[in-house]
Amino acid sequence: MPATVSQAEFDRLWNQVEPIGRAASGGYRRFAWTQPDLALREWFAAACAERGLDLTVDRAGNQWAWWGNPDDAGPGVAIGSHLDSVPDGGAFDGPLGVVSSLLVVDMLRREGVSPARPLAVVNFTDEEGARFGVACGGSRLLTGALAAQRALALRDDDGASLAEALRAAGRDPEELAADPAAVGRVGCFVELHVEQGRGLVDLGRPVAVGTAIWGHGRWRFELPGEANHAGTTRLADRRDPTLAYATLVLRARDLAERHGVLATCGKVRIDPNGVNAIPSLVTGWLDARGDDDAAVQAMVADFAQAVAGFGGTLAEESWTDRTPFDTGLTNRLHAALDQAPYLPTGAGHDAGILANAGLPTAMLFVRNPSGVSHSPAEYAEPADCLAGVQALARVVAGLVG
Ligand code: GLV
Ligand code: MN
Ligand code: MN
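Summary of the structure given here. Every value quoted in this text rests on a predicted model; they were computed, and no experiment measured them. (Residues numbered from 1 in each chain as written. Chains lettered and ligands numbered in written order. Predicted model: local features only at pLDDT ≥ 70, side-chain atom pairs only at ≥ 80, totals over all residues. Heavy atoms only, no water.)

Focus: the overall build of the protein
Looking only at helices and strands, the protein has 14 helices and 15 strands in total. Compactness check: the protein gives a C-alpha radius of gyration of 22 Å against a globular reference of 21 Å for 401 residues, within 12% of the reference. C-alpha atoms of the protein, sized along the principal axes, occupy 80 × 45 × 40 Å. Residue burial in the protein is summarised as follows: out of 401 residues, 53% are buried. For the protein, the proportion of contacts with a sequence separation of at least 24, taken over those separated by at least 6, is 76%. If you sum the accessible surface of the protein, you get close to 16,200 Å²; carbon and sulfur atoms cover 51% of it. Across the protein, 34 positive and 50 negative side-chain charges occur, with their mean positions spaced 2 Å apart. (Helix = DSSP H or I, 4+ residues; strand = E, 2+ residues; numbered from the N terminus. Rg over C-alpha atoms; globule rule 2.2 N^0.38 Å. Buried < 20%, exposed > 50% of the residue type's maximum accessible area, 1.4 Å probe, protein only. Contact = heavy atoms within 4.5 Å. Areas by Shrake-Rupley, 256 points an atom, 1.4 Å probe, with all protein chains shown as cover. Lys, Arg positive; Asp, Glu negative; His and termini not counted. Charge placed at Lys NZ, Arg CZ, Asp CG, Glu CD.)

Some details on the coordination of the manganese ion (ligand 2)
On the protein side, the manganese ion (ligand 2) has Asp93 (OD), Glu128 (OE), Glu128 (OE) and His374 (NE2) as donor atoms, found 2.0 to 2.8 Å from it. Along the chain, the residues donating to the manganese ion (ligand 2) are arranged with the sequence spacing D-x34-E-x245-H. Between the manganese ion (ligand 2) and the manganese ion (ligand 3), both coordinated by aspartate 93, there is a metal-metal distance of 3.6 Å. Residue aspartate 93 is located in the loop between β3 (76–82) and α4 (95–110), and its partner glutamate 128 is located in the loop between β4 (119–124) and α5 (137–143); the two are separated by 35 residues in the primary sequence. Look at glutamate 128 and you get buried, because its relative accessible area is 6%. (Donors = N, O, S within 2.8 Å, 3.2 Å for Na, K, Ca; no water.)

What to know about the nonpolar core
Core analysis: the largest hydrophobic core is formed by 55 residues, its most contacted members being Phe10, Trp43, Leu96, Leu119, Val190 and Leu364. When residues of this core are assigned to their parent elements, the largest contribution, 10 residues, is made by helix α14 (residues 382–400). Apart from the residues lying within four places of it in its own chain, the contact partners of leucine 364 are Val190, Glu191, Leu192, His193, Val207, Ala208, Val209, Leu333, Leu337, Ala391, Leu392 and Val395. Counting 38 residues, the second largest nonpolar core, distinct from the first, contains Trp66, Ala182, Ile213 and Met363. (Core = buried A, V, L, I, M, F, W, Y, C linked by side-chain atoms within 4.5 Å.)

Focus: the packing of aromatic side chains
Counted by the stated rule, this structure contains 8 aromatic pairs. Between the aromatic rings of phenylalanine 92 and tyrosine 379, the centroid separation amounts to 5.8 Å while the plane-to-plane angle is 85 degrees, which identifies the pairing as edge-to-face. Taken as a pair, phenylalanine 92 in the loop between β3 and α4 and tyrosine 379 in the loop between β15 (361–366) and α14 lie far apart in primary sequence, 287 residues in all. Between phenylalanine 221 and tyrosine 245, the ring centres sit 6.0 Å apart and the planes meet at 20 degrees, which makes this aromatic pair stacked. Within this pair, whereas phenylalanine 221 is found in strand β7 (residues 215–224), its partner tyrosine 245 is found in helix α10 (residues 241–259), the two being separated by 24 residues in sequence. What links up through ring pairs into an aromatic cluster is the set Phe10, Trp14, Phe92 and Tyr379. (Phe/Tyr/Trp six-rings, centres within 6.5 Å; stacked < 30°, edge-to-face > 60°.)

With respect to the coordination of the manganese ion (ligand 3)
Protein coordination of the manganese ion (ligand 3) is provided by His82 (NE2), Asp93 (OD) and His193 (NE2), with donor distances spanning 2.0 to 2.2 Å. Counting along the primary sequence, the residues that act as donors to the manganese ion (ligand 3) give the motif H-x10-D-x99-H. For histidine 82, a relative accessible area of 0% gives the class buried. On the basis of relative accessible area, aspartate 93 is assigned to the buried category, the value being 5%.

Let's talk about the pattern of salt bridges
One side chain can pair with another of opposite charge once the charged atoms of both are near each other. The tally for this structure, following the rule as stated, stands at 21 salt bridges. Linked through salt bridges whose partners overlap, the residues forming this network are Arg12, Glu50, Arg51 and Asp106. (Salt bridge = Lys/Arg side-chain N within 4 Å of Asp/Glu carboxyl O.)

Right, dumping it as structure tokens:
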């Protein structure tokens, strides 16, 4: 196993990805099946071709680049992550795992390693769910956790359905389906990801091994009102749903504290969104997470009651149970990486979806000095990125034999 990957090698790949989909804010807007996402998919295909990997796209739209034939010598080892982003997201959430995985292939190749088990680098589609609302859409579809019929009908904020978005991107929506054959090619999956908290800063280590993902979900709530004139409608005569919304944001915070979970109202839509009109409808979104599934569900049940008290309705968009990673694989990573610390996470990942589908799955986290993520301030030091590649290479070398 080579001792290092050079900074120049890392930068070369990183600099290819970095400008794609960057907004004026400095953050990224790389939403599923939009132009930046398509450019990133093309970049991924070209980077894999450059490495002589065989690219396949599964029926859920995820890209897999295989070194070796998993149908002959599989199931294989998969590494990788995603390339899409949240609105104004950071540069590292997703791309760090994909770039690091490609560099691991380079390191193994340079050493003349010929893997006894096939190795894949994967780019999961629509991990953030920023456009169509369901997080980890690509891996959920792949494993059957999200039905194709439901997915195709999901709509973005402009009203375009996933079916329409796929057609616009030159894909056939009829093809969208779970893909057990693609899942069957994977014997285990290791996702490297930037850490999204300050665990490693406090521990003074560059890389950690993930233990579990908290239970987490998203809910949409609708609060109806009555549109009317801002200057002629007496206060007593108004049905203004923003008042209910404001109260509910505070209620979510209060309930989160009471149940010992996290709750966030990070997205809202006001219709018709005119400065001089009382809104006719407020649509809000609740993100809730915690280490204890029952506590999260209890918090959401209380919140649903509060929504109903304002004449509103609440619907679940996605839910994932607390997901522990494979103990055998996790312990193996910990041992291979000089007793790297263990860390749980409150962030969702495709690794969690694959783990729930029964695949042995693990994660590596790379230190993030500020702990900030889903923001342009997200960061990892160059030396830590290299340490991450190194760690992943060591792990993969052990897994492919
Ligand atoms: C994805 O990053 C999530 O945790 O929402
Ligand atoms: Mn993310
Ligand atoms: Mn991510």
